[in-house]
Amino acid sequence: MFNNLSDKLESAFKNLKGEARITDLNIATTVKEIRRALLDADVNYKIAKEFTDKVKDKALGEKVINSINPGQLMVKIVKDELAELMGGTEATFSLAGNPTVILIAGLQGSGKTTFSGKLALYLKSKKNKSPLLVAADVYRPAAIDQLHVLGSQIGVDVYSDRESKDPVAIAEAAIKEARAKNKNVVIIDTAGRLAVDEVMMTEVKNIKETVNPQEILFVVDSMTGQDAVNTAKAFNDRLDFTGVVLTKLDGDTRGGAALTIKYTVDKPIKFASSGEKMDTLDVFYPERMAQRILGMGDITSLVEKAQEQFNEEEAKKLEKKIRQNKFDFQDFYDQLQQIKKMGNLKDLMAMIPGVGKAMKDIDISDDAFKGVEAMISSMTPQERADPDLINQSRKLRIAKGSGKDLNEVNAFMKQFEQMRQMMKQMNKMPMGMGRGMMGG
Ligand code: GDP
(Lines give C-alpha, C1' and ligand atoms only; values in the text may rest on other atoms or scores of the structure.)
Protein backbone atom coordinates (compact mmCIF):
# COMPACT_ATOMS: atom_id res chain seq x y z
CA MET A 1 0.00 0.00 0.00
CA PHE A 2 1.43 3.39 -1.03
CA ASN A 3 4.91 1.89 -1.33
CA ASN A 4 6.25 4.58 -3.55
CA LEU A 5 5.10 7.36 -1.25
CA SER A 6 6.52 5.55 1.76
CA ASP A 7 9.92 5.18 0.07
CA LYS A 8 10.09 8.80 -0.96
CA LEU A 9 9.12 10.09 2.46
CA GLU A 10 11.70 7.87 4.06
CA SER A 11 14.36 9.21 1.78
CA ALA A 12 13.26 12.78 2.60
CA PHE A 13 13.78 12.08 6.29
CA LYS A 14 17.31 10.87 5.55
CA ASN A 15 18.31 14.48 5.04
CA LEU A 16 18.04 14.91 8.76
CA LYS A 17 19.99 11.82 9.67
CA GLY A 18 23.02 12.66 11.73
CA GLU A 19 21.96 16.29 12.10
CA ALA A 20 22.06 17.41 15.69
CA ARG A 21 19.57 20.22 15.28
CA ILE A 22 16.77 21.32 13.06
CA THR A 23 17.89 24.33 11.05
CA ASP A 24 16.31 26.46 8.36
CA LEU A 25 18.59 24.84 5.84
CA ASN A 26 18.07 21.15 6.56
CA ILE A 27 14.36 21.72 7.00
CA ALA A 28 14.09 23.38 3.61
CA THR A 29 15.64 20.40 1.82
CA THR A 30 13.53 17.88 3.70
CA VAL A 31 10.30 19.76 3.19
CA LYS A 32 10.99 20.16 -0.50
CA GLU A 33 11.41 16.42 -0.84
CA ILE A 34 8.27 15.74 1.14
CA ARG A 35 6.36 18.01 -1.21
CA ARG A 36 7.76 16.22 -4.22
CA ALA A 37 6.76 12.87 -2.70
CA LEU A 38 3.20 14.10 -2.25
CA LEU A 39 2.99 15.44 -5.78
CA ASP A 40 4.25 12.13 -7.13
CA ALA A 41 1.55 10.40 -5.13
CA ASP A 42 -0.96 12.47 -7.12
CA VAL A 43 -1.73 14.93 -4.35
CA ASN A 44 -3.04 18.23 -5.67
CA TYR A 45 -0.41 20.99 -5.74
CA LYS A 46 -2.24 23.36 -3.43
CA ILE A 47 -2.85 20.69 -0.82
CA ALA A 48 0.78 19.52 -0.98
CA LYS A 49 2.01 23.07 -0.47
CA GLU A 50 -0.31 23.74 2.43
CA PHE A 51 0.76 20.45 3.99
CA THR A 52 4.47 21.14 3.77
CA ASP A 53 4.05 24.72 4.97
CA LYS A 54 2.42 23.37 8.10
CA VAL A 55 5.13 20.75 8.58
CA LYS A 56 7.79 23.40 8.19
CA ASP A 57 6.19 25.75 10.70
CA LYS A 58 5.83 22.99 13.22
CA ALA A 59 9.39 21.78 12.76
CA LEU A 60 10.86 25.26 13.11
CA GLY A 61 8.70 25.88 16.15
CA GLU A 62 10.11 22.75 17.75
CA LYS A 63 13.66 23.96 17.26
CA VAL A 64 13.52 25.91 20.46
CA ILE A 65 12.75 22.84 22.53
CA ASN A 66 15.99 21.36 21.26
CA SER A 67 14.25 18.05 21.54
CA ILE A 68 14.83 14.48 20.37
CA ASN A 69 16.71 13.76 17.22
CA PRO A 70 15.51 15.88 14.29
CA GLY A 71 14.80 12.87 12.06
CA GLN A 72 12.45 11.32 14.61
CA LEU A 73 10.84 14.64 15.31
CA MET A 74 10.16 15.17 11.62
CA VAL A 75 8.61 11.71 11.25
CA LYS A 76 6.32 12.49 14.17
CA ILE A 77 5.28 15.85 12.71
CA VAL A 78 4.60 14.36 9.27
CA LYS A 79 2.66 11.48 10.80
CA ASP A 80 0.44 13.86 12.76
CA GLU A 81 -0.16 16.01 9.70
CA LEU A 82 -0.95 13.02 7.48
CA ALA A 83 -3.44 11.77 10.03
CA GLU A 84 -4.97 15.23 10.23
CA LEU A 85 -5.21 15.46 6.45
CA MET A 86 -7.07 12.15 6.34
CA GLY A 87 -9.56 13.23 8.96
CA GLY A 88 -7.85 13.27 12.34
CA THR A 89 -9.95 10.97 14.41
CA GLU A 90 -12.01 7.90 13.60
CA ALA A 91 -15.35 8.74 11.96
CA THR A 92 -18.66 7.66 13.41
CA PHE A 93 -21.06 5.38 11.60
CA SER A 94 -24.78 5.65 12.24
CA LEU A 95 -26.82 2.55 12.84
CA ALA A 96 -29.88 4.51 13.96
CA GLY A 97 -33.30 3.98 12.41
CA ASN A 98 -35.28 0.81 12.10
CA PRO A 99 -34.24 -0.41 9.70
CA THR A 100 -31.03 1.57 9.26
CA VAL A 101 -30.86 2.50 5.59
CA ILE A 102 -27.46 2.76 3.91
CA LEU A 103 -27.21 4.03 0.36
CA ILE A 104 -24.12 3.08 -1.67
CA ALA A 105 -23.12 5.37 -4.54
CA GLY A 106 -20.16 5.70 -6.88
CA LEU A 107 -18.94 5.12 -10.41
CA GLN A 108 -19.30 1.79 -12.14
CA GLY A 109 -16.35 -0.43 -11.31
CA SER A 110 -15.42 1.50 -8.19
CA GLY A 111 -16.25 -1.53 -6.09
CA LYS A 112 -19.77 -0.66 -4.89
CA THR A 113 -21.23 -4.14 -5.15
CA THR A 114 -18.18 -5.78 -3.58
CA PHE A 115 -18.23 -3.23 -0.77
CA SER A 116 -21.98 -3.71 -0.22
CA GLY A 117 -21.30 -7.40 0.36
CA LYS A 118 -18.38 -6.68 2.69
CA LEU A 119 -20.39 -4.15 4.68
CA ALA A 120 -23.26 -6.62 5.05
CA LEU A 121 -20.87 -9.27 6.35
CA TYR A 122 -19.18 -6.76 8.66
CA LEU A 123 -22.51 -5.67 10.17
CA LYS A 124 -23.68 -9.25 10.46
CA SER A 125 -20.57 -10.73 12.03
CA LYS A 126 -19.19 -7.81 14.02
CA LYS A 127 -22.26 -5.74 14.89
CA ASN A 128 -24.74 -8.54 15.27
CA LYS A 129 -27.09 -7.03 12.70
CA SER A 130 -29.42 -8.70 10.29
CA PRO A 131 -28.88 -6.95 6.95
CA LEU A 132 -30.79 -7.03 3.68
CA LEU A 133 -28.89 -6.27 0.47
CA VAL A 134 -30.82 -4.48 -2.27
CA ALA A 135 -29.96 -4.54 -5.98
CA ALA A 136 -31.15 -1.17 -7.28
CA ASP A 137 -29.27 -1.28 -10.58
CA VAL A 138 -32.00 -1.61 -13.22
CA TYR A 139 -29.64 -1.35 -16.19
CA ARG A 140 -27.26 -4.24 -15.74
CA PRO A 141 -28.83 -7.63 -14.99
CA ALA A 142 -25.29 -8.86 -14.31
CA ALA A 143 -25.06 -6.48 -11.37
CA ILE A 144 -28.15 -8.07 -9.84
CA ASP A 145 -26.65 -11.53 -10.36
CA GLN A 146 -23.38 -10.41 -8.79
CA LEU A 147 -25.13 -9.22 -5.63
CA HIS A 148 -27.07 -12.48 -5.37
CA VAL A 149 -23.83 -14.45 -5.64
CA LEU A 150 -22.20 -12.38 -2.90
CA GLY A 151 -25.30 -12.60 -0.74
CA SER A 152 -25.37 -16.38 -0.84
CA GLN A 153 -21.62 -16.49 -0.17
CA ILE A 154 -21.99 -14.55 3.06
CA GLY A 155 -25.44 -15.82 4.02
CA VAL A 156 -27.26 -12.50 3.63
CA ASP A 157 -30.63 -12.11 1.88
CA VAL A 158 -30.77 -10.06 -1.30
CA TYR A 159 -33.80 -8.15 -2.54
CA SER A 160 -34.17 -7.57 -6.28
CA ASP A 161 -36.93 -7.09 -8.83
CA ARG A 162 -35.84 -7.90 -12.36
CA GLU A 163 -39.13 -6.68 -13.85
CA SER A 164 -38.96 -3.20 -12.38
CA LYS A 165 -37.27 -0.28 -14.08
CA ASP A 166 -37.80 2.06 -11.15
CA PRO A 167 -34.98 2.10 -8.58
CA VAL A 168 -36.95 4.32 -6.18
CA ALA A 169 -39.83 1.82 -6.11
CA ILE A 170 -37.34 -1.04 -5.62
CA ALA A 171 -35.75 0.72 -2.65
CA GLU A 172 -39.14 1.40 -1.06
CA ALA A 173 -40.32 -2.16 -1.57
CA ALA A 174 -37.06 -3.48 -0.13
CA ILE A 175 -37.50 -1.45 3.05
CA LYS A 176 -41.01 -2.81 3.42
CA GLU A 177 -39.68 -6.31 2.97
CA ALA A 178 -36.96 -5.66 5.55
CA ARG A 179 -39.58 -4.64 8.10
CA ALA A 180 -41.67 -7.71 7.33
CA LYS A 181 -38.66 -9.99 7.70
CA ASN A 182 -37.18 -8.30 10.77
CA LYS A 183 -34.08 -7.11 9.01
CA ASN A 184 -32.57 -4.14 10.81
CA VAL A 185 -30.19 -2.82 8.14
CA VAL A 186 -30.94 -2.21 4.46
CA ILE A 187 -27.95 -1.72 2.15
CA ILE A 188 -28.94 -0.31 -1.24
CA ASP A 189 -26.43 -0.92 -4.04
CA THR A 190 -27.20 1.66 -6.73
CA ALA A 191 -26.29 1.75 -10.43
CA GLY A 192 -23.07 3.43 -11.47
CA ARG A 193 -21.87 4.90 -14.72
CA LEU A 194 -18.39 5.03 -16.14
CA ALA A 195 -18.24 8.79 -15.62
CA VAL A 196 -20.18 11.44 -13.74
CA ASP A 197 -23.60 11.54 -15.36
CA GLU A 198 -26.67 13.63 -14.66
CA VAL A 199 -29.22 10.84 -15.08
CA MET A 200 -27.40 8.64 -12.61
CA MET A 201 -27.02 11.43 -10.07
CA THR A 202 -30.68 12.33 -10.28
CA GLU A 203 -31.61 8.71 -9.83
CA VAL A 204 -29.54 8.29 -6.67
CA LYS A 205 -30.79 11.63 -5.40
CA ASN A 206 -34.38 10.51 -5.89
CA ILE A 207 -33.71 7.34 -3.94
CA LYS A 208 -32.11 9.40 -1.21
CA GLU A 209 -35.07 11.77 -0.94
CA THR A 210 -37.55 8.94 -0.80
CA VAL A 211 -35.84 6.59 1.65
CA ASN A 212 -34.00 9.07 3.88
CA PRO A 213 -30.89 7.00 4.51
CA GLN A 214 -28.88 7.25 7.76
CA GLU A 215 -25.70 6.87 5.74
CA ILE A 216 -24.86 7.64 2.12
CA LEU A 217 -21.48 6.18 1.36
CA PHE A 218 -19.51 7.25 -1.66
CA VAL A 219 -17.31 4.43 -2.91
CA VAL A 220 -14.06 5.40 -4.56
CA ASP A 221 -11.42 3.33 -6.30
CA SER A 222 -8.13 4.43 -4.71
CA MET A 223 -6.24 3.53 -7.88
CA THR A 224 -7.83 6.44 -9.76
CA GLY A 225 -5.97 9.24 -7.94
CA GLN A 226 -6.97 12.86 -8.56
CA ASP A 227 -9.82 11.83 -10.89
CA ALA A 228 -11.42 10.12 -7.94
CA VAL A 229 -11.25 13.29 -5.93
CA ASN A 230 -12.97 15.27 -8.68
CA THR A 231 -15.70 12.66 -9.00
CA ALA A 232 -16.19 12.77 -5.26
CA LYS A 233 -16.70 16.51 -5.47
CA ALA A 234 -19.36 16.15 -8.15
CA PHE A 235 -21.21 13.46 -6.18
CA ASN A 236 -21.02 15.39 -2.96
CA ASP A 237 -22.44 18.54 -4.55
CA ARG A 238 -25.52 16.59 -5.57
CA LEU A 239 -25.85 14.00 -2.84
CA ASP A 240 -24.26 15.53 0.22
CA PHE A 241 -23.04 12.07 1.22
CA THR A 242 -22.11 11.16 4.79
CA GLY A 243 -18.85 9.38 4.19
CA VAL A 244 -16.30 7.90 1.84
CA VAL A 245 -15.21 4.31 1.29
CA LEU A 246 -11.77 3.71 -0.20
CA THR A 247 -11.53 0.49 -2.18
CA LYS A 248 -8.69 -1.43 -3.84
CA LEU A 249 -6.12 -0.34 -1.29
CA ASP A 250 -4.46 -3.69 -1.92
CA GLY A 251 -3.47 -2.54 -5.40
CA ASP A 252 -0.46 -0.43 -6.25
CA THR A 253 -2.12 2.85 -5.37
CA ARG A 254 -0.23 6.09 -5.36
CA GLY A 255 -2.14 7.41 -2.38
CA GLY A 256 -3.42 10.72 -3.71
CA ALA A 257 -7.11 9.90 -3.34
CA ALA A 258 -6.75 8.52 0.17
CA LEU A 259 -4.75 11.53 1.27
CA THR A 260 -6.84 14.33 -0.17
CA ILE A 261 -10.44 13.24 -0.49
CA LYS A 262 -11.32 14.25 3.08
CA TYR A 263 -9.75 17.66 2.57
CA THR A 264 -11.56 18.21 -0.72
CA VAL A 265 -15.10 17.22 0.19
CA ASP A 266 -14.85 17.63 3.95
CA LYS A 267 -16.47 14.26 4.54
CA PRO A 268 -14.80 11.54 6.60
CA ILE A 269 -13.38 8.33 5.20
CA LYS A 270 -15.31 5.63 7.02
CA PHE A 271 -14.08 2.33 5.60
CA ALA A 272 -11.03 0.97 3.82
CA SER A 273 -11.45 -2.05 1.63
CA SER A 274 -8.54 -4.05 0.34
CA GLY A 275 -9.22 -7.21 -1.52
CA GLU A 276 -11.85 -9.21 -3.30
CA LYS A 277 -12.52 -11.52 -0.37
CA MET A 278 -15.59 -10.62 1.66
CA ASP A 279 -13.79 -10.31 5.00
CA THR A 280 -11.29 -7.65 3.98
CA LEU A 281 -13.09 -4.55 5.19
CA ASP A 282 -11.64 -2.32 7.88
CA VAL A 283 -12.91 0.71 9.70
CA PHE A 284 -10.71 3.60 8.61
CA TYR A 285 -8.42 5.09 11.25
CA PRO A 286 -6.47 8.12 9.95
CA GLU A 287 -3.73 7.78 12.54
CA ARG A 288 -3.13 4.11 11.82
CA MET A 289 -3.10 4.76 8.08
CA ALA A 290 -0.54 7.53 8.57
CA GLN A 291 1.64 5.13 10.56
CA ARG A 292 1.46 2.55 7.81
CA ILE A 293 2.38 5.09 5.16
CA LEU A 294 5.45 5.97 7.19
CA GLY A 295 6.44 2.32 7.58
CA MET A 296 5.70 2.43 11.29
CA GLY A 297 3.38 -0.57 11.06
CA ASP A 298 0.03 -0.84 12.72
CA ILE A 299 0.33 -2.98 15.79
CA THR A 300 -3.02 -1.77 17.17
CA SER A 301 -4.93 -3.23 14.22
CA LEU A 302 -2.90 -6.41 14.30
CA VAL A 303 -3.68 -6.98 17.97
CA GLU A 304 -7.36 -6.24 17.35
CA LYS A 305 -7.49 -8.74 14.53
CA ALA A 306 -5.86 -11.33 16.75
CA GLN A 307 -8.30 -10.60 19.57
CA GLU A 308 -11.23 -11.10 17.23
CA GLN A 309 -10.04 -14.56 16.24
CA PHE A 310 -8.58 -15.98 19.40
CA ASN A 311 -10.92 -17.19 22.00
CA GLU A 312 -9.71 -16.86 25.55
CA GLU A 313 -10.64 -20.36 26.63
CA GLU A 314 -8.77 -21.89 23.72
CA ALA A 315 -5.80 -19.65 24.41
CA LYS A 316 -5.66 -20.81 28.04
CA LYS A 317 -5.81 -24.46 26.99
CA LEU A 318 -3.04 -23.87 24.52
CA GLU A 319 -0.92 -22.09 27.07
CA LYS A 320 -1.30 -25.00 29.43
CA LYS A 321 -0.19 -27.45 26.76
CA ILE A 322 2.81 -25.30 25.98
CA ARG A 323 3.71 -25.14 29.63
CA GLN A 324 3.55 -28.91 29.90
CA ASN A 325 5.64 -29.30 26.74
CA LYS A 326 2.69 -30.95 25.03
CA PHE A 327 2.31 -28.67 22.01
CA ASP A 328 1.62 -31.01 19.10
CA PHE A 329 0.96 -31.00 15.38
CA GLN A 330 -2.78 -30.66 15.85
CA ASP A 331 -2.26 -27.52 17.95
CA PHE A 332 0.03 -26.14 15.31
CA TYR A 333 -2.53 -26.87 12.60
CA ASP A 334 -5.29 -25.16 14.61
CA GLN A 335 -3.12 -22.11 15.13
CA LEU A 336 -2.48 -21.85 11.41
CA GLN A 337 -6.21 -21.88 10.73
CA GLN A 338 -6.74 -19.03 13.17
CA ILE A 339 -3.97 -16.95 11.66
CA LYS A 340 -5.44 -17.49 8.21
CA LYS A 341 -8.78 -16.21 9.43
CA MET A 342 -7.14 -12.94 10.42
CA GLY A 343 -6.65 -12.04 6.78
CA ASN A 344 -4.16 -11.90 3.97
CA LEU A 345 -0.73 -12.90 5.27
CA LYS A 346 1.21 -10.15 3.59
CA ASP A 347 -1.21 -7.50 4.89
CA LEU A 348 -0.83 -8.88 8.38
CA MET A 349 2.94 -8.86 8.27
CA ALA A 350 2.92 -5.32 6.93
CA MET A 351 1.32 -4.25 10.21
CA ILE A 352 4.51 -5.11 12.05
CA PRO A 353 6.75 -2.02 12.15
CA GLY A 354 9.47 -2.21 9.52
CA VAL A 355 8.33 -5.52 8.09
CA GLY A 356 5.99 -4.17 5.43
CA LYS A 357 8.75 -2.32 3.70
CA ALA A 358 11.23 -5.15 3.95
CA MET A 359 8.74 -7.49 2.34
CA LYS A 360 7.20 -5.33 -0.28
CA ASP A 361 8.78 -7.18 -3.20
CA ILE A 362 8.43 -10.62 -1.71
CA ASP A 363 5.52 -12.63 -2.93
CA ILE A 364 3.75 -14.21 0.01
CA SER A 365 0.63 -15.91 -1.07
CA ASP A 366 -2.16 -17.14 1.12
CA ASP A 367 -1.04 -20.58 0.05
CA ALA A 368 2.13 -20.22 2.11
CA PHE A 369 0.86 -22.74 4.65
CA LYS A 370 -0.45 -25.25 2.13
CA GLY A 371 2.59 -27.56 2.19
CA VAL A 372 2.69 -27.71 5.97
CA GLU A 373 -1.05 -28.27 6.14
CA ALA A 374 -0.81 -31.11 3.63
CA MET A 375 1.90 -32.78 5.71
CA ILE A 376 -0.07 -32.50 8.94
CA SER A 377 -3.20 -33.74 7.18
CA SER A 378 -1.29 -36.83 6.08
CA MET A 379 -0.49 -37.76 9.68
CA THR A 380 -2.63 -40.09 11.74
CA PRO A 381 -4.37 -38.55 14.78
CA GLN A 382 -1.86 -40.43 16.98
CA GLU A 383 1.07 -38.90 15.12
CA ARG A 384 -0.41 -35.42 15.38
CA ALA A 385 -0.82 -35.78 19.11
CA ASP A 386 2.61 -37.30 19.65
CA PRO A 387 5.28 -35.87 17.37
CA ASP A 388 7.89 -38.25 18.85
CA LEU A 389 6.09 -41.17 17.26
CA ILE A 390 7.16 -40.15 13.79
CA ASN A 391 9.98 -42.41 12.61
CA GLN A 392 11.55 -42.90 9.22
CA SER A 393 8.85 -45.12 7.73
CA ARG A 394 6.11 -42.83 8.98
CA LYS A 395 7.93 -39.88 7.43
CA LEU A 396 8.00 -41.68 4.09
CA ARG A 397 4.28 -42.28 4.31
CA ILE A 398 3.61 -38.64 5.21
CA ALA A 399 5.73 -37.49 2.27
CA LYS A 400 3.80 -39.70 -0.09
CA GLY A 401 0.43 -38.69 1.29
CA SER A 402 1.15 -34.96 1.05
CA GLY A 403 2.91 -35.00 -2.31
CA LYS A 404 6.12 -33.70 -0.73
CA ASP A 405 9.56 -35.28 -0.78
CA LEU A 406 11.31 -36.70 2.23
CA ASN A 407 13.61 -33.67 2.53
CA GLU A 408 10.67 -31.35 2.89
CA VAL A 409 9.13 -33.54 5.56
CA ASN A 410 12.46 -33.69 7.39
CA ALA A 411 12.85 -29.91 7.20
CA PHE A 412 9.39 -29.39 8.62
CA MET A 413 10.00 -31.92 11.42
CA LYS A 414 13.20 -30.10 12.28
CA GLN A 415 11.48 -26.71 12.37
CA PHE A 416 8.72 -28.07 14.50
CA GLU A 417 11.23 -29.59 16.90
CA GLN A 418 13.06 -26.24 17.14
CA MET A 419 9.79 -24.56 17.91
CA ARG A 420 9.11 -27.04 20.70
CA GLN A 421 12.62 -26.52 22.09
CA MET A 422 12.04 -22.79 22.09
CA MET A 423 8.82 -23.25 24.00
CA LYS A 424 10.67 -25.42 26.52
CA GLN A 425 13.25 -22.67 26.99
CA MET A 426 10.52 -20.13 27.56
CA ASN A 427 8.95 -22.35 30.16
CA LYS A 428 12.21 -22.31 32.07
CA MET A 429 12.28 -18.52 32.22
CA PRO A 430 11.33 -16.77 35.43
CA MET A 431 7.59 -16.43 35.96
CA GLY A 432 5.89 -14.08 33.59
CA MET A 433 8.68 -13.43 31.09
CA GLY A 434 8.19 -16.40 28.82
CA ARG A 435 4.50 -16.43 29.25
CA GLY A 436 4.09 -12.78 28.42
CA MET A 437 5.64 -13.58 25.08
CA MET A 438 2.99 -16.19 24.41
CA GLY A 439 0.24 -13.73 25.14
CA GLY A 440 -0.77 -15.63 28.24
P1 GDP B 1 -19.23 -1.74 -8.97
O2 GDP B 1 -19.42 -1.68 -10.44
O3 GDP B 1 -18.98 -0.39 -8.39
O4 GDP B 1 -20.33 -2.46 -8.27
O5 GDP B 1 -17.88 -2.52 -8.72
P6 GDP B 1 -17.64 -4.04 -8.35
O7 GDP B 1 -17.93 -4.27 -6.92
O8 GDP B 1 -18.30 -4.92 -9.33
O9 GDP B 1 -16.04 -4.12 -8.51
C10 GDP B 1 -15.40 -3.93 -9.75
C11 GDP B 1 -14.18 -4.85 -9.81
O12 GDP B 1 -13.23 -4.50 -8.82
C13 GDP B 1 -14.52 -6.30 -9.54
O14 GDP B 1 -13.75 -7.11 -10.38
C15 GDP B 1 -14.14 -6.50 -8.09
O16 GDP B 1 -13.80 -7.84 -7.82
C17 GDP B 1 -12.94 -5.59 -7.95
N18 GDP B 1 -12.78 -5.06 -6.59
C19 GDP B 1 -13.68 -4.47 -5.79
N20 GDP B 1 -13.15 -4.09 -4.62
C21 GDP B 1 -11.85 -4.46 -4.65
C22 GDP B 1 -10.74 -4.33 -3.74
O23 GDP B 1 -10.83 -3.79 -2.62
N24 GDP B 1 -9.54 -4.83 -4.16
C25 GDP B 1 -9.40 -5.42 -5.38
N26 GDP B 1 -8.19 -5.88 -5.70
N27 GDP B 1 -10.39 -5.53 -6.26
C28 GDP B 1 -11.61 -5.08 -5.91
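Counting restarts for each chain, with residues numbered from 1 along the sequence as it is written. Per-residue local features of the predicted model are confined to residues with pLDDT of at least 70, and side-chain atom pairs are confined, for both listing and counting, to 80 or more; whole-chain, interface and lining totals are unaffected and use all residues.

1. Things to note about the overall build of the chain
A count of helices and strands for the chain gives 21 helices and eight strands. If one aligns the C-alpha atoms of the chain with their principal axes, the spans along those axes are about 70 × 65 × 40 Å. Whether a residue is buried, exposed or partly exposed follows from its count of other C-beta atoms within 10 Å of its own C-beta, namely 20 or more, 12 or fewer, or something in between, respectively; the C-beta atoms are built from the backbone. When burial is assessed residue by residue, the chain has 38% of its 440 residues classed as buried. Once local pairs closer than 6 in sequence are excluded, the contacts in the chain between residues at least 24 apart make up 74%. Strands are runs of DSSP state E lasting at least two residues, helices are runs of H or I lasting at least four, and both sets are numbered from the N terminus onward. Working definition of a contact: two residues with C-beta atoms, positioned from the backbone, lying within 7 Å.

2. Comments concerning the site of the ligand
Being near a molecule or strand means, for a residue, that its backbone-placed C-beta atom lies within 6 Å of it. Of all residues adjacent to the ligand, which total 17 residues, the nearest are Gly111, Lys112, Thr113, Thr114 and Lys248. Of the residues forming the shell around the ligand, the biggest block, three residues, is contributed by helix H5 (residues 112-126). Nonpolar residues are Ala, Val, Leu, Ile, Met, Phe, Trp, Tyr, Cys and Pro. Charged residues are Asp, Glu, Lys and Arg, and all others, Gly as well, are polar. Here the residues of the shell around the ligand are counted per class, giving no nonpolar, 13 polar and four charged.

3. Points about the nonpolar core
Definition of nonpolar core: a set of buried Ala, Val, Leu, Ile, Met, Phe, Trp, Tyr and Cys residues joined via C-beta atoms within 7 Å. Core analysis: the largest hydrophobic core is formed by 90 residues, its most contacted members being Val134, Val186 and Ile188. Domain ranges listed in this record stem from an automatic or a database domain assignment. Each of domain 1 (3-85) and domain 2 (100-292) accounts for three or more of the residues forming this core. Dropping the residues within four chain positions of it, Ile188 is found in contact with Val101, Ile102, Leu103, Ile104, Val134, Ala136, Ala171, Ala174 and Ile207. Formed by six residues, the second largest nonpolar core is a distinct cluster that contains Met375, Ile376, Met379 and Val409.

4. Description of the sheet that holds strand S4 (residues 185-190)
We call two strands paired when DSSP finds no fewer than two bridges between them. The eight strands are arranged S3-S2-S4-S1-S5-S6-S7-S8 in an open sheet whose pairing can be described as mixed. Each end of this open sheet is capped by a strand with a single partner; those strands are strand S3 (157-159) and strand S8 (281-283). Across the sheet, the axes of successive neighbouring strands diverge by a mean angle of 25°, strand direction being ignored. Pairing of strand S5 (residues 215-221) with strand S6 (residues 243-247), which is carried by five bridges, proceeds in the parallel orientation. From the neighbouring strand, Val219 faces S6, where its bridge partner is Val245. Angles here are taken between N-to-C directions and fall from 0 to 180 degrees, while the axes themselves are lines fitted to C-alpha atoms, restricted in helices to the stretch in contact. Those strands touched by helix H6 (residues 141-154) are strand S2 (131-136), S3 and S4, and its axis lies near 165° from that of S2. Contacts from helix H8 (residues 198-211) reach strand S1 (100-105), S2, S4 and S5 within the one sheet, and its direction differs from that of S1 by about 175°.

5. Quick notes on the packing of helix H7 (residues 167-180) against H8
Between H7 and H8, whose axes approach to 9 Å, the crossing angle comes to 35°. Seen from above, H7 lies across H8 with right-handed handedness. Packed against H7, whose contacting residues are Pro167, Val168, Ala171, Glu172 and Ile175, the element H8 presents Glu203, Asn206, Ile207, Thr210 and Val211 at the interface. A clockwise turn of the near helix away from the far one marks a right-handed crossing, whereas an anticlockwise turn of less than a right angle marks a left-handed crossing.

6. Some remarks on unusual backbone geometry
A cis amide bond links Asn98 to the next residue, Pro99, at an omega of 0°. Its identity is not glycine, yet Lys248 carries a phi of approximately 60°, on the positive side. Within the secondary structure, Lys248 sits in the loop between S6 and helix H10 (256-265). Lys248 gets classed as buried once you count the C-beta atoms within 10 Å, which come to 22.

7. Overview of the pairing of S4
Of all six residues in S4, six are buried, a share of seventy percent or more. Neither face of S4 is exposed, since Val185, Ile187 and Asp189 on one face and Val186, Ile188 and Thr190 on the opposite face are all buried. Bridge analysis of S1 against S4 gives five bridges, and the strand direction is parallel. For Thr100, the partnering residue across the bridge sits in S4 and is Val185.

8. What to know about the domain arrangement of the chain
Domain annotation for the chain reports domain 1 (3-85), domain 2 (100-292) and domain 3 (302-437). Computed over C-alpha atoms only, the centres of domain 2 and domain 3 are separated by 38 Å.

9. Considerations on helix H14 (residues 329-341)
Helix length check: H14 (13 residues) gives 19 Å between terminal C-alpha atoms against 18 Å at 1.5 Å per residue, within 8%. Following H14 by one or two positions, Gly343 has its phi on the positive side, about 135°. By this rule, a helix spans an expected 1.5 Å times one less than how many residues it contains.

10. Considerations on the pairing of S5
Among the seven residues in S5, seven count as buried, and that is most of the element. The alternating pattern of S5 places Glu215, Leu217, Val219 and Asp221 and Ile216, Phe218 and Val220 on opposite faces, both of which are buried. Summarising the sheet, S1 and S5 pair through four bridges and their orientation is parallel. By the bridge assignment, Ala105 is partnered in S5 with Phe218. Classification remark: right-handed applies to a crossover when, strands pointing away from the viewer, the course from the first strand over the helix to the second runs clockwise. Note that the unit made of S5, helix H9 (residues 225-239) and S6 has a crossover that is right-handed.

11. Things to note about the packing of H5 against H6
Contact pair H5 / H6: the axes reach a minimum separation of 10 Å and the direction vectors enclose 25°. Compared by their axis directions, H5 and H6 come out roughly parallel. When the axes of H5 and H6 are compared, the crossing they make is right-handed. Contact residues: Thr113, Ser116, Gly117, Ala120 and Leu121 in H5; Ala143, Gln146, Leu147, Leu150 and Ile154 in H6. Taken together, the residues of the contact of H5 with H6 sort by class into six nonpolar, four polar and no charged. For classification purposes, angles smaller than 35 degrees are called roughly parallel, those larger than 145 roughly antiparallel, those between 65 and 115 roughly perpendicular, and all remaining angles oblique.

12. Points about the environment of Ile102
Turning to its location among the elements, Ile102 is positioned in strand S1. On the basis of neighbour count, Ile102 is assigned to the buried category, with 27 C-beta atoms found within 10 Å. Taking the C-alpha atoms as reference points, Ile102 and Gln226, 124 residues apart in sequence, are found 26 Å from one another. Not counting the four nearest positions on each side in its chain, Ile102 is found in contact with Val185, Val186, Ile187, Ile188, Pro213, Gln214, Glu215 and Leu217.

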